[in-house]
Amino acid sequence: MRFQASIQILLIVISVAIIMTVLRPEFSEIQAMQDQLAEYNNALDKADQYNRALQEKISQANNLPNTDLAALDQYVPNRVDIVRVSRDVVNIVEGSGLLLIDVEVGESSSVTVENANAGVSQSARTGGSLEEEAKRQLAVQPFTIEAIGTYTNMKSLLRAVEQNAYPMRIVGISFTNQSESDSRLLSYTIDVETYALNAQ
Amino acid sequence: MAESSNASFIPKNSKRTQKKVRGTRRIYLLSYVSYVVFFGTLLATVIVFFFSIQVNKSLEASRDRLIEEKNRFSQEDIDGLRHLEKKLIIANDLLNHSTAPSELFSALESVVADNVYFTGFSYQHNVNDTYTVELVGRADALNPVLYQRELLTQNAILGRGDVTSFDYAISESAEDEESDATTALVQNLLGSEDPVITFTFVSRGSVADIPYTPGATAPVNDTEILSVRPNSTGGTVADDTEQGVSEEGVVDSGQGTSTNQGI
């Protein structure tokens, strides 16, 4: 009788020992693994969604006509080719019938599109979205055109600049008629800016 | 005697139920509990062991699938797409903020008074998509200046402006001809010499008022530009420098004469 009681107590002690040393840690481990599994599954879902969206966007990008992509590259180039832009400026000025005096290439700087003539925007520097990142990478290249011609020629020049294949924003125009003798010809100073998206 | 009293003629029922003596049944509760706990623990251990293996396998499978998903996209594709997206954003932004300052001249030409001529022009694209236009004009009296200011302020594009300064002086020819300034001044007062009033009109507006719209600005045509067309004042103004902006473009009109009576 006493022997039987000892066995029973021993069984209970063994059971408790197993619970404490094997089952409890195993349960904790399983719980941790299940949490990890849930995280992995969540990440898998997101990765799947991301991959699907990515594949969709890649196919959309691949389906864009090459002419459109070329036009976009021309409109927003990766860098401003100052020689090419200067050549275009010369062509535009001469095509408008003005006599080109000088094309001055200014110093390139980073600006936002909204504040193209106001230097770097603080808000653009602190943001993190793709749009703000794009604006941070936007570089502006100023050019100053000095030319002589008639008022009609100047208007023609402005229209040609406005219709240019890539953005050539007119940020300043000034001219005065000082001459009393030959007032048909005026001396113009026109400030324009071109833009590029710097690849970082 | 005692036997006779026991010898009853009524037979005794042999099937008479004997009163069962209820003994104490011993239930070994501790024994049951100990066995249940022990074997339960063993069973749970086995189940947990296999469950752990199962969960571990699932975890490994998920991990492999995640690595596989991760390897499916390349960083180059992502960078290329991001760059394309950024270009589209910038292009859209530039297009939405494109301006046509040439519209200012069209607006100006429509409101130039006949007896006022402009000798200076400046346009500045300011911060926050605003612009400032400064016009330097000349007239021979203040009434044309007032009339010109009225015309300009009624204009949709140049309307948000005013004459910020003006200078009243006698004409240079009078100064040249007459060495004595006092004499010139007296002559001026008497009306023999025309005064020259130089004024500055400054207008500020939003560049949204002068947006570039493709197709709106017609290609430049010399014949069209040089042609004389009626303006809002009823007079005629040519687009060319000779008449539109320069001194030679001044044409006297009835308006100028009539308003001069007020001075």
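Calculation notes
Residues numbered from 1 in each chain as written. Chains lettered and ligands numbered in written order. Predicted model: local features only at pLDDT ≥ 70, side-chain atom pairs only at ≥ 80, totals over all residues. Heavy atoms only, no water. Helix = DSSP H or I, 4+ residues; strand = E, 2+ residues; numbered from the N terminus. Buried < 20%, exposed > 50% of the residue type's maximum accessible area, 1.4 Å probe, protein only. Contact = heavy atoms within 4.5 Å. Areas by Shrake-Rupley, 256 points an atom, 1.4 Å probe, with all protein chains shown as cover. Phe/Tyr/Trp six-rings, centres within 6.5 Å; stacked < 30°, edge-to-face > 60°. Core = buried A, V, L, I, M, F, W, Y, C linked by side-chain atoms within 4.5 Å. pLDDT = per-residue confidence, 0-100. Patch = residues over 30% accessible without salt bridge, like charges linked within 9 Å, V, L, I, M, F, W, Y side chains within 5 Å. Salt bridge = Lys/Arg side-chain N within 4 Å of Asp/Glu carboxyl O.

Asks: A description of the overall build of chain A should follow, citing residues and the corresponding values.
Replies: Per the secondary structure count, chain A includes 6 helices and 5 strands. Listing the helices and strands of chain A from first to last along the sequence gives α-α-α-β-β-α-α-β-α-β-β. Per-residue burial over chain A gives 41% buried out of 200 residues. Sequence separation of at least 24 residues holds for 74% of the intrachain contacts in chain A that already meet a minimum separation of 6. Surface exposure of chain A reaches about 10700 Å², of which carbon and sulfur atoms provide 52%.

Asks: Could you give me a rundown of unusual backbone geometry, with the residues and numbers involved?
Replies: The phi angle at D129 of chain B is positive, at roughly 55°, despite the residue not being glycine. Looking at the secondary structure, you find D129 of chain B in the loop between β1 (117–125) and β2 (130–139).

Asks: A description of the packing of aromatic side chains should follow, citing residues and the corresponding values.
Replies: For the coordinates displayed, the defined rule picks out 10 aromatic pairs over all chains. Judged by centre distance (5.4 Å) and plane angle (75°), the ring pair of F38 of chain B and F39 of chain B falls under edge-to-face. On the accessibility criterion, F38 of chain B (15% relative accessible area) is buried. Members of the aromatic cluster, connected to one another through ring pairs, are Y151, F175 and Y188 of chain A together with F105 and F121 of chain B.

Asks: Break down the nonpolar core for me, citing the residues and quoting the values.
Replies: Grouped together as the largest cluster of nonpolar side chains are 50 residues, with contacts concentrated most on I173 and I190 of chain A together with L104, F121 and Y123 of chain B. I58, L138 and V140 of chain A together with L81 of chain B belong to the second-largest nonpolar core, a separate cluster that totals 17 residues.

Asks: Could you give an account of the confidence of the model for chain B, with specific residues and numbers?
Replies: Interpretation of this model should avoid reading the predicted coordinates in detail wherever pLDDT is low. Mean pLDDT for chain B: 72, with 62% of residues reaching 70 or above. Here residues 217–263 of chain B scores under 50 on pLDDT; set against residues more than four positions off or in separate chains, the count is 102 contacts.

Asks: Break down a nonpolar patch on the surface for me, with residues and values.
Replies: Together, I7 of chain A together with Y35, F39 and L42 of chain B make up an exposed nonpolar region whose accessible area comes to about 340 Å². At 3 residues, helix α2 (residues 29–72) of chain B tops the list of elements feeding residues into the nonpolar patch.

Asks: Describe the pattern of salt bridges, listing the residues and the values that go with them.
Replies: For the structure shown, the criterion picks out 11 salt bridges over all chains. Taking the shortest distance from any N to any O, the salt bridge between R82 of chain B and E133 of chain A comes out at 2.7 Å. Taken together, the positions of R82 of chain B in helix α3 (residues 75–96) and E133 of chain A in helix α5 (residues 130–137) put the pair across two chains. For R82 of chain B, a relative accessible area of 34% corresponds to the partly exposed category. Look at the salt bridges and you will find they share partners, linking E131 and K135 of chain A together with D93 of chain B into a network.

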